[in-house]
Amino acid sequence: MKKFFGFFLAVLGLAMCAMTTSCSSDDNDDNGGKPEPAKMAKYTIMFYGCGGANVDSQLDFAIKEVQKQLGVANNQVRFVVMYSTSASDKAHRVDPNTPVRLHYGDWATTYRYELTTDITEDNYNARCKYKAASEVELYRVETIKEFLTWAKQTAPAENYILMPVNHGGGFDLDHEGLTRAIAYDDNHGGKGVATKAFAQALEETGTYLKAIYWYGCLMGQLEVMTEMAPYCDYQFASSHVALVNPRHVTAIIQAINENPDDFDKVAERQGELLDAPGDYCFSQNFLNYEDDKTHEVHDENCDFACWRSDKLAAINAQVKKLATLLKNNYADNKVDINAAIQATYIYDGELAYADLVDLAVHVASELEESDLAAEANQIVADLEAAVKDAYIYRISGLHRKQVTDGKVINTIWPEKDYYSVGISIYTKYNKIYQDYQNVYKASAFDAATGWSAWLDVNEQDVEMGVNPSNDNFWDVFWMTDDLEY
């Protein structure tokens, strides 16, 4: 499997795992001795995913933090979980011969329950265990449908938020699942859940979401969000690799409880809480310190945003114009367009995700002396306006290492406003694209933009050794220049 750093988010995941089915078992004389009917909540968050071999232990500690948020007076949120722990503890072992235990639950087990404040380490297995993970194929549409139906019956609500969790791969053509997006389950050979599988399950169960919260790496790509746009009002996502951060779940619960009747305010507040100073500040997660604790040293960039689904069409309209400009003028302007692609920021060293606005800006710059300049500049202006109109908040933890007076310091990039949303760039010679272009062309995004018609003529790859790229295993040239300021 590829290098999916999956929002080691699962941190939270387990957190939610902690609560069992919430239907009351108390008899009620006024209800004929039958269980009290499930109470309608303002919001139900549906947490769905897996440990994916290496994120389970990071889930464990979040359970109690989530319970605190659910335990406040006038809580408006219910939290239901379907989560498979990893097949074994091997990825967690420091000493290969020393087993690692989970605080909550056992390895190779699927847990399904409503997270409530009375779940403990002692009663977790008895109350939350569902099946052996080998029996639960999370990636199948029927499994997702069954979970959605159960969740709505168990915790009915006015609004639903789906939170897929674990390693995210965006719209990665190269992976086994072709359009797999998130939650690669090592109990089933690393198979993940396709974006289209979520879309189909929502369609067939008649489930419309207030939001989908992509709790995983690299999900802030237009191909992913366009596929899900018909099924939700809002999407939360990162275009970069993302690290574990319990605030993803706790912040949205807190924000809902503070603003239960206005989701724009929920999203704004969630963004504030996610990146507020203190432990687990989102953008600070991506900074380390040198030994003397005075100089920050950047390991990787980050972003996170909340997007309005109904505003994505305006972005895609500009993508369609950009695709047409590139396709129709590539033969006569190949050198300039190739140079623009080489200069464009990419989100990961191994995957072909480029920043959309940055690409448009470089194309316009390279074509400035041509008769295409006015058209290219208009696309940039309209695209920037459409992007800014589409998001409610956007965190940009974009940094660059620099050396000043022999010391490494961390600076914010002046171009940070560009790095928001990703798009795939393949060449017509790329084997991945050659093998799976039909998958790409079947996407909702390509139907809206015709982006593949441009890829069919493109001859310029994006790659870490050429493009400015984010990668947490490398200190590549564009991050480590010895520049004096």
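Parameters at a glance
Residues numbered from 1 in each chain as written. Predicted model: local features only at pLDDT ≥ 70, side-chain atom pairs only at ≥ 80, totals over all residues. Heavy atoms only, no water. Helix = DSSP H or I, 4+ residues; strand = E, 2+ residues; numbered from the N terminus. Buried < 20%, exposed > 50% of the residue type's maximum accessible area, 1.4 Å probe, protein only. Contact = heavy atoms within 4.5 Å. Areas by Shrake-Rupley, 256 points an atom, 1.4 Å probe, with all protein chains shown as cover. pLDDT = per-residue confidence, 0-100. Pairing = 2+ DSSP bridges. Axes fitted to C-alpha atoms, helices over the stretch in contact; angles between N-to-C directions. Core = buried A, V, L, I, M, F, W, Y, C linked by side-chain atoms within 4.5 Å. Disulfide = S-S within 2.5 Å. Polar contact = N/O pair within 3.5 Å; in protein donor to acceptor, adjacent residues only side chain to side chain. Phe/Tyr/Trp six-rings, centres within 6.5 Å; stacked < 30°, edge-to-face > 60°. Parallel < 35°, antiparallel > 145°, perpendicular 65-115°, else oblique. Left-handed = near helix turned anticlockwise from the far one by under 90°.

## What to know about the overall build of the chain
Across its full length, the chain carries 17 helices and 17 strands. Burial statistics for the chain: of 485 residues in total, 59% are counted as buried. Counted over contacts in the chain with a minimum sequence separation of 6, partners at least 24 positions apart contribute 75%. Carbon together with sulfur atoms contributes 46% to the accessible area of the chain, which is approximately 19000 Å² in total.

## Regarding unusual backbone geometry
Although it is not a glycine, A108 adopts a positive phi angle of roughly 55°. Mapped onto the elements, A108 comes out in the loop between β2 (77-84) and β3 (109-115). Positive phi is not limited to glycine here, since A183 has a value of about 65°. Examined against the element boundaries, A183 turns out to sit in strand β6 (residues 180-185). Judged by relative accessible area, which is 1%, A183 ranks as buried.

## Re the confidence of the model for the chain
The predicted coordinates of low-pLDDT regions are not to be read in fine detail. Residues at a pLDDT of 70 or more form 81% of the chain, whose mean pLDDT is 85. Segment residues 1-35: pLDDT under 50, and 153 contacts once partners within four positions in sequence are set aside and those in other chains are kept. Under a pLDDT of 50 for its full length, residues 472-485 has, in the predicted model, 41 contacts with residues more than four places off or in other chains.

## What to know about the sheet that holds strand β12 (residues 302-308)
Here we have 9 strands laid out as an open sheet, ordered β4-β3-β2-β1-β5-β8-β9-β12-β14, and mixed in their pairing. Either end of the sheet is taken by a strand with one partner, and the two such strands are β4 (129-132) and β14 (391-397). Each neighbouring strand pair of the sheet contributes to a mean axis angle of 10°, computed without reference to strand direction. With 3 bridges connecting them, β3 and β4 associate as antiparallel partners. Bridging from a neighbouring strand, T110 pairs with K131 of β4.

## A word on the nonpolar core
Formed by 87 residues in total, the largest nonpolar core has its most connected members in I315 and W451. One finds F47, V77, I252 and F263 within the second-largest nonpolar core, a separate group that totals 46 residues.

## Points about the pairing of β14
Counting buried residues along β14, 6 of its 7 residues qualify, which places the element largely inside the surrounding structure. Where β12 lies against β14, 6 bridges are found, and the strand directions are antiparallel. Following the sheet pairing, A305 is matched in β14 by R394.

## Description of the state of the cysteines
Applying the stated criterion across every chain, the model contains 0 disulfides. No disulfide involves C281; its sulfur sits 8.7 Å from that of C302, the nearest cysteine.

## Describing the environment of M46
Here M46 shows up in strand β1 (residues 41-50). Between the C-alpha atoms of M46 and K152, which are 106 residues apart in sequence, the distance is 9.1 Å. If near-sequence neighbours (up to four positions away) are discounted, M46 is found in contact with V80, F147, L148, A151, Y160, I161, L162, M163 and L209.

## A closer look at the environment of S239
By the element assignment, S239 lies in the loop between β9 (232-237) and α8 (247-258). Measuring from C-alpha to C-alpha, the distance between S239 and G220 comes to 4.1 Å, with 19 residues separating the pair along the chain. Sequence-distant contacts of S239, that is, excluding residues within four places in its chain, are made with L218, G220, Q221, D303, Y347, S420, V421 and G422. A distance of 2.8 Å separates a polar side-chain atom of S239 from the backbone oxygen of G220. Looking at S239, its side chain comes within polar contact range of the main-chain oxygen of S420, at 3.2 Å.

## Points about the packing of aromatic side chains
Considering all chains together, one arrives at 23 aromatic pairs under this definition. For the ring pair F47 and Y83, a centre distance of 6.1 Å and an interplane angle of 35° mean the geometry is tilted. Of this pair, F47 sits in strand β1 while Y83 is found in strand β2, placing the two residues 36 residues apart along the sequence. Given the relative accessible area of 0%, Y83 is considered buried. Taken together, the aromatic side chains of Y43, Y213, Y215, Y234, F236, F263, F282, F304 and Y393 make up a single cluster linked through ring pairs.

## Comments concerning helix α6 (residues 195-205)
Note that an α-helix has 3.6 residues per turn; residues three or four places apart therefore point the same way. Inspection of α6 places T195, A197, F198, A199, A201, L202 and T205 among the buried residues, and these make up the whole buried set. Following α6 by one or two positions, G206 has its phi on the positive side, about 65°.

## Brief notes about the packing of helix α10 (residues 312-329) against helix α13 (residues 373-390)
Contact pair α10 / α13: the axes reach a minimum separation of 8 Å and the direction vectors enclose 160°. Judged by the angle between their axes, α10 and α13 are roughly antiparallel. The two elements α10 and α13 cross, and the hand of that crossing is left-handed. On α13, the residues that touch A314, I315, Q318, K321, L322 and L325 of α10 are E375, A376, I379, D382, L383, A386, V387 and A390.

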